[in-house]
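Observations on chain architecture
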Amino acid sequence: MTSPGGRTPEDTAVDAEAPDASDASGGLDEPTRALSGDTVGASLRTDDAGSSSEPAHAAATTDPDRTAWIPTVPGDGSSPGGGAHEASPSGARRRPVLIGAAVVGLLVVLYLGDLLFSSTDVPRGVAVAGVEIGGMSKPGAEEALRAQLSGRASEPVALQAGTASATVDPRAAGLELDVEATIARAGEQPFNPWTRLTSLFGTRDVPPVTRVNAFALGQALDGARPQLDRPVAEGTVRYEGLEPVAVPSVPGVVVDGATAGQAVVDHWLDPTPVALPVTETPVTVTPEGIQRAIDGFARPAVAGPLTVVGDAKNATVTTRAITSFVRFTPDGRGGLTPGIDEPAAIAAVEPQLRTTEAEPRDATLAFTGAAATVVPAVVGREIDWPRTFSGIVEALGRPDGEAPPVFTPPPTAPGAEPAAPPPATGRAVNAVYTTTQPEVTTESLAALGPAEMIGEFTTRGFKPDSGQNIRRVAEIVNGQIIAPNSVFSLNEASSPRNEANGFVPAGIIDDGAPGRGVGGGVSQFATTLYNAGYFAGLRNVEHKEHSYYISRYPAGREATVFEGSIDLRLGNDGPTPIYIRTQWTPSSITVQLYGIKRYDVASEPGPRTNQTPPGVRDLGGDPECNASQGSEGFTITDTRVLRDVRTGEVRREPRTVRYEPQPTVTCNGP
C-alpha cells in the first residue's frame, strides 16, 4: 500500500531513538495512548528528504502491536512545541452553550425582577376609553381614570346611527362609571414571558365597567330615536319647471333596539361618538318603476292646461299649477301610483270659482220696536272638492285639446238641486256642488207665528273686565232658538269659557272673599237669562243661586254657573220655538225672549227670615287681599205665579233659598 506522499510501508520508519511512548504521550495511560495512536496514526511523519526513518520501521517490524506516537508536523494548526497533540473539538462545542446559558440566565433574572417589581401594577398596554393606564399602580390607575373620565361622565353622550346623530344625558340614562370594577377587569400581571414582552409594543383596550339603570337607558334611547332613525324615502317624481325628474329611493335606517343599549354601555365614555348598531329598511320603489311613472303620467300630465267646469264659470289650471299638486305614492309592486295633493289643488281652483259658491246664512228676526219679522235663511252652496277631483288623474292623462265651453245651468225650482253640467271630456272635470242647510231655518222662525216678546230682564252694574265676559257670552247666545220640547243649557252653549274663546280674567266670589278667574261676570248674564225665562214661563230645569246674596240681583231669583258643575238649564215645553235676543251696553245687559205668549207671570217675594250677621275675616297675610263689606245671611221664599192666557188657570211655584252671611274682609294682617 502506498502511504500519503507516495511511499510504501517499507519506506516508513519509526525513530528508535524517540522518547518512550509513555513520555511522549504526556503520561497517558495505556488505553488513552492506544486511542491517541489510533487517532493520529493515519498521519505519519516524514523527514525532510521524504524518506522514512529506518529505526522506526524496524521497531514497527519488531513489535507490530506497539503504537508509536508520531509528532505533528509544524505549521499544520497544532499546538506549538514538540510532542504536543491537537486541541480537542469538544472545547469549541462547549463555548456557544456556555454563552447561551449565560443569556438565558440573564433573561430569567430580568423576568423575575420585572415580575417582582410590577406584581401589583395594571398590566402593561392597557387603555380604558382612550386613557392609558398600563403599568400604573392600581391606585394611580384609579386616580387617572377619575381625573380624565369624570368630565366625560357628566357630559352629553354623543350617539351616531349612520349619518344621523343625537345626544343623551348620562345621568338621565342611568349611566355611572365603576372605576374599581374597571381596574379589576383589566386583570393581573401575566406570567407568560411572551405576553409580558409583547405588551411593551401594543395596546389592549379594556371596556369600562358601567353601573346602569336599564329602564332609564331604554327610555333615553327611545327619546333619541326620532333623531336617529331614518325612515324609508321611497322614490318619487318631482318637477323641475315642467320637466319630471326621478328622485331615487333611499333605504331607511333603524337603530337596533336589542343591542343599542349594550353599545352605549361599552362606549359611552369613549372620546368619539357611540356608533349604534342599525338595520336597514328596504325600499319598494325601483328605478324602473320611477321611469314608468315619468313616461306614463308625469310627462303627459303637463302636456296642457286643465279645465274645471263650474256653475256659469270655468277655472283654468295652468301646467305650472298642475306641477304644484301632482303627487306619487308607492304601489307596492315597485312602481308609483299618481294622485293629487287636494289642498294644493283647491288652492289652484277655488279662487276662480269662489263666486259660484254661497255661504249658508241663518234665518233671523228683524225688530221694529217690540215687533219682530222673519228674515229668511240662505241655503249654502259649496263645491264638494273630493268628488270634484275624483276624476282629475284620468283627465290629466288625456292629450291636450280644446277646452270645454262654460256651462250655465237652467233656472232651479225652489228647494230643488241645480242641474249638473254634461260629463266633461278631454282635459276637464266638472265641479260638483252640494247644498248646506243653515242651522236656523226660515221655517223654524216662521213657526213662531205672530211672535212677540214673552220675557225680558235687564241687570246693571259691572266692571269693564266682567263686562267683556258678559258681552262675549251674550254674543254667543244671541239668536239661538229653544226648540219645542227641548232644553237650553248655558254651559253647553258657551263652553269652553277660556281665553282662546274670548273670555278674560275678572272678579269672582271665592269662598266668600273677592277673587279673580277667567269668565268672571258670566253669572250676571246667567241671572239675567234666568229672569227672562222666569217671566216667559219657561220650565226651571236646573239652576243654583249664589251662596252669598248679591244686592244688585232680586233675592231668591238669581243664578250662578260654573263650567263643568253648575249649569243654568231652561226648558221649552210649548208647541212653538222661542228665540233668544241679547242686548249689551257698557253698563247693562238685557235678554229678551220671543215666541207665542202662553202665560202671564208675576213674582211674589216673601220676607227675609233667619237673618245671620256677617263675621269678620282678616286676610292681611294674602298679598292679593281685597277688603270688602260683608252682608247678612237670610232665608227667603220667592213664588212664581203663572196664569195660562188661554184658560185662565193659575199655577204657583214657590222656591225657598238660604243665603249664607258673607264675611267682612279686612287686610290688616298680624
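Here the structure is shown first, and the text comes after it.
To start, this report covers the structure provided alongside it. Position numbers for residues count from 1 along each chain, tracking the sequence in the order it is written. Predicted model: local features are reported for residues with pLDDT of at least 70 only, side-chain atom pairs are reported and counted for 80 or more only, and whole-chain, interface and lining totals are derived from all residues. Only heavy atoms go into the side-chain values, all of them from the structure, while hydrogens and water stay out.

For the purposes of this entry, the term helix denotes a DSSP run of H or I that reaches at least four residues, the term strand denotes a run of E that reaches at least two, and both are numbered from the N terminus. When you go through the protein residue by residue, the secondary structure sums to 18 helices and 36 strands. Relative to its full complement of 670 residues, the protein shows a buried share of 36%. Residue contacts follow a heavy-atom distance rule, with two residues in contact if any of their heavy atoms lie within 4.5 Å. Intrachain contacts of the protein at a sequence separation of at least 6 include 71% that bridge at least 24 residues. Surface accessibility follows the Shrake-Rupley procedure with a 1.4 Å probe radius. Residue values consider only the protein chains on display as shielding. Here the protein displays about 36300 Å² of accessible surface, and carbon together with sulfur accounts for 56% of that area. Exposure classes here rest on a 1.4 Å probe applied to the protein chains alone. A residue is buried below 20% of its type maximum, exposed above 50%, and partly exposed in between.

All right, on to the sheet that holds strand S3 (residues 157–161) then. The 3 strands lie next to each other as S4-S3-S11, forming an open sheet whose pairing is mixed. Edge positions in the open sheet fall to strand S4 (164–168) and strand S11 (274–275), since each of these has one partner strand only. Along the sheet, helix H8 (residues 214–228) contacts S3 and S4; its crossing angle with S4, the most-contacted strand, is approximately 155°. Pairing between strands is defined by DSSP: at least two bridges between the two strands are required. Helix axes use the C-alpha atoms of the stretch in contact, all axes being lines fitted to C-alpha atoms, and the angles between their N-to-C directions lie in the range 0 to 180 degrees.

So, on to the pattern of salt bridges. By salt bridge we mean one thing: a side-chain nitrogen of Lys or Arg within 4 Å of a carboxyl oxygen of Asp or Glu. Within the structure shown, the criterion is met by 27 salt bridges. The shortest N-O distance in the salt bridge between Arg299 and Glu243 comes to 2.9 Å. You can see Arg299 sitting in helix H10 (residues 287–301) and its partner Glu243 sitting in strand S9 (residues 243–247), a full 56 residues away along the chain. We note a salt bridge from Glu604 to Arg652, for which the minimum N-O separation is 2.5 Å. With Glu604 in strand S31 (residues 599–605) and Arg652 in strand S35 (residues 650–659), this residue pair connects regions lying 48 residues apart in the sequence. A residue is classified by how much of its surface remains accessible, and Glu604, at 37% relative accessible area, is partly exposed. Here the salt bridges share partners, and the residues they tie into one network are Glu142, Arg146 and Glu180.

A separate point is unusual backbone geometry. Cis geometry is found at the peptide bond from Ser495 to Pro496, where omega equals -5°. With respect to the element layout, Pro496 can be found in the loop between helix H17 (490–494) and strand S25 (505–510). Phi is positive for Ala312, which is not a glycine, with a value near 65°. Following the sequence through the fold, Ala312 ends up in the loop between strand S13 (306–309) and strand S14 (314–317). Although it is not a glycine, Asn485 adopts a positive phi angle of roughly 55°. Mapped onto the elements, Asn485 comes out in the loop between strand S23 (481–482) and strand S24 (486–489). Among the residues examined, Asn485 registers a relative accessible area of 65% and is labelled exposed.

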